[in-house]
Amino acid sequence: MNEISETREAREARLQGLGCKRKRVEDIRFTQGKGSYVDDLKLPGMLFGDFHRSPYGHARVKSIDTSKAKAVPGVLAVLTAADLKPLKLDWMPTLAGDVQAVLAGDKVLFQGQEIAFVVATDRYIAADAADLIEVEYEELPALVDPFKAMAEGAPILREDIKDKTEGAHGKRKHPNHIFTWEIGDHETTDLAFRDAEVTIKELISYQRVHPCPLETCQSVASFDKIKGELTVWGTFQAPHVVRTVAAILSGIPEHKIHVIAPDIGGGFGNKVGVYPGYVCAIVASIVTGRPVKWVEDRIENLSATAFARDYHMTTEIAATKAGKVTGLRVHVLADHGAFDACADPSKWPAGFFNIVTGSYDFPTAHVTVDGVYTNKAPGGVAYRCSFRVTEAAYCIERAMDILAQKLGLDPAELRMRNFIRREQFPYHSALGWEYDSGDYHTAMQKALDTVGYQALRAEQRAKQEAFRRGETREVMGIGVSFFTEIVGAGPSKNCDILGIAMFDSAEIRIHPTGAVIARMGTKSQGQSHETTYAQIIASEIGIPADDVMVEEGNTDTAPYGLGTYGSRSTPTAAAATAMACRKIKAKAQMIAAHLLEVHHDDVEFDIDRFRVKGMPERFKTMKDIAWTAYNAPPPGLEPGLEAVSYYDPPNMTYPFGAYICVMDIDLDTGVAKVRRFYALDDCGTRINPMIIEGQVHGGLTEAFAIAMGQEIAYDEIGNVKGASFMDFFLPTAVETPKWETDFTVTPSPHHPIGAKGVGESPNVGGVPAFSNAVNDALAFLGATHIQMPHDAWRIWKAAEALGAQG
Amino acid sequence: MAKTAIALTVNGEAVEALVEPRTLLVHFLREQLNLTGTHIGCDTTHCGACTVDFDGRSVKSCTLFAVQAEGAEIRTIEGMAGADGTLHPLQEGFREMHGLQCGFCTPGMIMRAYRLLQENPRPTEDEIRTGMAGNLCRCTGYQNIVRAIQFAAAKIAGDSLQEAAE
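In this text the structure is predicted, and so the values were computed from the model without any measurement.

Draft legend 1. Inspection of the overall build of chain A at higher detail. Across its full length, chain A holds 19 helices and 37 strands. Taking 28 Å as the expected radius of gyration for a compact globule of 806 residues, we find that chain A reaches 28 Å, a close match to that expectation. When its C-alpha atoms are laid out on the principal axes, chain A stretches across 85 × 75 × 50 Å. Within chain A, buried positions represent 65% of all 806 residues. Separation of charge centres in chain A, based on 82 positive and 104 negative side chains, amounts to 1 Å.

Listed below in structure tokens is the structure:
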């Protein structure tokens, strides 16, 4: 190509930078079956581990007999709590400041809890032997209802901490109590309710669900006794944190631990925490001197590794008759299961639930959250969510609809009357956040106009009249949801995990030929980082994205970072990427000026080159500059062209969006059909619109599954009712609605490229849109709030309770 | 455990192997033949990540024993690209239409779609959705998977790429 005559547009297009619908780099290997996931790894002499798990929800372990298992040919070891105890590894710390049993000792606290770990030469033998382990139990009464956790006479679950009155987050008021978290102004909120013209109060529950990535959690541990080095490949959304925690726990120096997260088959928050399987594989490798692989099956995944939600939110809004909100009060009962293994930043036991004032200008608010133990699997992770933000968004978006119903106002109109106005940003919320930017009215209006909202309401009214006349059994619901997210943890001043500050990083090296290797502290599990980070680099330093290789997940080579979850990669590592590029660019400018024999103030950057100001024909491309940087740097300048940036964001980012769901429900069957789903997202600067749309499609599908059918339910004795794909609802292509996407762009003022993050928005905003549609459809029959999930049977039952079943 | 000898064809190559009677086909493919493109996502034959083409049918390879593959002709994702590295139109379509994210379901999706297009070369959107109902995806929401299959169908039929993209 001719670098001089090429048009600016052609040069720009060749970069495939910001805003380009660049095809994914990752797809080349994934479409050919050449991804490398953990279970694909095969090492010489590798063994397989498998668990024996508790059939009971709550029981005392009287004895464990492993003799039959050990006698099976091919079994090399069986680990129990007694074996881990001398190593001080029978318990491990959780990310939430609690401890969790790696293998159950005296007691089992949930069905599926890990009791023994069998290590054998192949996975079939390990499974056979795990079945031969004999455990004698004394069954105890199970506690499954969080509302009964702190009742008098409730069974005490955690005997290991029953006398501790002080937990990781303050006072405990009952042996089954974990923490109380309080935020906001109690007094002014009480006054707002005292003086309110209108109030609503509703218990809004968000059921227990599971992130359920298609690849389960798995790892391979290999301990080299000679070198004293441990290598662990695993499904880790946060590999660097895993290495640090492993070093602290095991006593192996951090530089002798190599943690590698290869390709990951989806995470959605399920793969943030540390699980007993990872620990047991490591111990087993140390004990046997051979690599040990652990792969959980789907039932184990759904019943033992981290669940999400299980939040029960008693929600009150105070308002004027004219529909202006004046106060918000929420009390949450949070079911954390048997151990507090939430994956929130350590100072935030209820995550960022205090985003619950949502998109609305509440003058005052008060929130309390009580966490309790139950005989269920531990977790409470941020499933496609930035730390309890999905729960908060569901809470406020459902409550606004309930208020609209009480006021006799249209739900969209009520939202419009209460939105934070554009000129109020940066906006300080009553619960302590500083929203960076937003233009809610514009986004909502665009959504309403696009779907023809008024016409839909007219159609709905006509259908209701026809229903009343007995001419149809079909009703129509219009679900409106307007969410504000809070993503991108840090800043490190208020976000850390076990003392590890939450920043992120990028290290970029330009090779002499102008090819680039870039490494980040995050870890994609499908978010397309290899494609999109390269686009940022392309735009920042003018080297085509195709010449940039992005690498993450290897703690030996990647700079330290906190990983990928909570939509944090774009706000943190993408910012670090831009900042590292700018350091490189500053040096490149010096080199260009030297080559062009002018002062560095007299050159300027232009797409893919530095040129002499006012003389566009005199320029040096980034490729020329890279070669010179290594082979003939200007006097006084070090050779090389690379930079690293550790970016501690000054604030979080606040993506938002307006979603509208149109649903038709057949009351005779309870079957709900999504006729139309419109999703407008504002995630600030758009790096790759194709990938944004893909993220929105996927997040909406997960939201659809949650709202319309998913639940990890337990019976009264603690049996998991449905922890396989037989029962746990994952929609297929047939049930999944079609998605319509749209956008506005309100850049983040503090992010180097103005981007905010998008991966979780559709899940955060989608769930209330579906649920509001169901509730909206049945509201004219008298429904105020129907709990999720809205499967056909439950919708039918709700209609029956409203007297609508003949 | 005593092993049984099996002979079959995988991706056009003759394979002879000794397997335990209880070895699942998916484990045989992944661990004995090192064809790790076929994935395992569940234990109950729901997710379809392990789908392979088996004697002209789509089969979930976690549901068959390897010994049942005696004499069978199997094609896996590793056998989809041409010998010269040319991608199959489905592989191309999944990339062009952004039909994948984490990539874990993709080999199964492509193998199922391959058979679907043999059975019905010009499927409607509804026929694609029904035809793909045995394969779960957690990332994409299926919309772009449908478009990827439409792209491939059009390309195989020789439509212009413009039409294929629509």
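Moving on, there is more to tell.
Draft legend 2. Focus on the domain arrangement of chain B. All names here are of chain B. Partitioning chain B into domains gives domain 1 (4-79) and domain 2 (89-161). Distance between the C-alpha centres of domain 1 and domain 2: 22 Å. Taken together, the contacts link 18 residues of domain 1 with 13 residues of domain 2. Here domain 1 and domain 2 share an interface that buries about 1300 Å² over both sides, 57% of which is from carbon and sulfur atoms. For the pair domain 1 and domain 2, the interface holds one salt bridge. Here Arg115 and Asp53 are joined by a salt bridge, their closest N and O atoms 2.7 Å apart. Here domain 1 and domain 2 share nine residue pairs in polar contact (both at pLDDT 80 or more) between them. Of all the secondary structure elements, the ones that give two or more residues to the side of domain 1 that touches domain 2 are strand S3 (51-54) and strand S4 (57-60). Classifying every residue of the side of domain 1 that touches domain 2 gives five nonpolar, nine polar and four charged.

Draft legend 3. Highlighting the domain arrangement of chain A. All names here are of chain A. Annotation of chain A at the domain level lists domain 1 (8-35 + 504-647), domain 2 (38-140 + 216-264 + 271-304) and domain 3 (307-489 + 652-801). Here the C-alpha centre of domain 3 lies 38 Å away from the C-alpha centre of domain 1. Listed by partner, the interface residues are 29 residues for domain 1 and 25 residues for domain 3. Where domain 1 abuts domain 3, roughly 1800 Å² becomes buried across the two surfaces, and 64% of that area is made up of carbon and sulfur atoms.

Draft legend 4. Quick peek at the environment of Leu596(A). Residue and element names in this part refer to chain A. Tracing the sequence through the fold places Leu596 in helix H15 (residues 569-596). Leu596 gets classed as buried once you look at its relative accessible area, which sits at 5%. Taking the C-alpha atoms as reference, Leu596 lies 7.6 Å from Val612; in sequence the two are 16 residues apart. Residue contacts for Leu596: discarding those within four places in its chain leaves Val603, Phe610, Val612, Arg618, Phe619 and Lys620.

Draft legend 5. Inspection of the pairing of strand S34 (residues 671-682) of chain A at higher detail. Residue and element names in this part refer to chain A. Summarising the sheet, strand S33 (residues 656-666) and S34 pair through eleven bridges and their orientation is antiparallel. Within S34, the residue paired with Tyr659 across the bridge is Ala679. The antiparallel hairpin formed by S33 and S34 contains four residues in its connecting segment, where Gly670 sits at a positive phi of about 80°. With four bridges joining them, S34 and strand S37 (residues 740-743) adopt parallel strand pairing. Bridging from a neighbouring strand, Ala679 pairs with Thr741 of S37.

Draft legend 6. Layout of the pattern of salt bridges. One pass over the full model with this rule turns up 73 salt bridges over all chains. Of the charged contacts, one joins Arg30(B) and Asp40(A) as a salt bridge, the two residues approaching to 2.9 Å between their closest N and O atoms. With Arg30(B) in helix H1 (residues 25-32) and Asp40(A) in the loop between helix H2 (27-30) and strand S1 (47-53), this pair bridges two chains. By the burial criterion, Arg30(B) is buried, and Asp40(A) matches it. Residue Arg422(A) pairs with Asp439(A) through a salt bridge whose shortest N-O separation is 3.2 Å.

Draft legend 7. How the structure looks around the interface of chain A and chain B. Every contact between the two is made by 57 residues of chain A and, on the other side, 49 residues of chain B. Among the residues of chain A in contact with chain B, Thr31(A), Tyr124(A) and Leu214(A) are the three that bury the most area, contributing 17% of the side total. Scanning the region where chain A abuts chain B turns up six salt bridges. The set of elements that each furnish at least two residues to the side of chain A that touches chain B consists of H2, helix H5 (123-131), helix H9 (298-304) and helix H17 (689-708) of chain A. Here the side of chain A that touches chain B takes eight residues from H17(A), the largest share from any one element. When grouped by side-chain class, the residues that make up the side of chain A that touches chain B number 24 nonpolar, 17 polar and 16 charged.

Draft legend 8. Expanded view of the side chain of Glu760(A). Residues and elements named next belong to chain A. Among the secondary structure elements, Glu760 is positioned in the loop between S37 and helix H18 (761-779). Although Glu760 is buried, it forms no salt bridge, and the closest oppositely charged side chain is Arg384 at an N-O distance of 6.7 Å. Residues contacting Glu760, with those up to four places away along its chain left out, are Arg384, Cys385, Ser386, Glu485, Val487, Tyr565, Gly566 and Ser567.

The rules behind each value
- Residues numbered from 1 in each chain as written.
- Chains lettered and ligands numbered in written order.
- Predicted model: local features only at pLDDT ≥ 70, side-chain atom pairs only at ≥ 80, totals over all residues.
- Heavy atoms only, no water.
- Helix = DSSP H or I, 4+ residues; strand = E, 2+ residues; numbered from the N terminus.
- Rg over C-alpha atoms; globule rule 2.2 N^0.38 Å.
- Buried < 20%, exposed > 50% of the residue type's maximum accessible area, 1.4 Å probe, protein only.
- Lys, Arg positive; Asp, Glu negative; His and termini not counted.
- Charge placed at Lys NZ, Arg CZ, Asp CG, Glu CD.
- Domains from an automatic or database assignment.
- Contact = heavy atoms within 4.5 Å.
- Buried area = accessible area lost by both parts, 1.4 Å probe.
- Salt bridge = Lys/Arg side-chain N within 4 Å of Asp/Glu carboxyl O.
- Polar contact = N/O pair within 3.5 Å; in protein donor to acceptor, adjacent residues only side chain to side chain.
- Nonpolar A, V, L, I, M, F, W, Y, C, P; charged D, E, K, R; others polar.
- Pairing = 2+ DSSP bridges.

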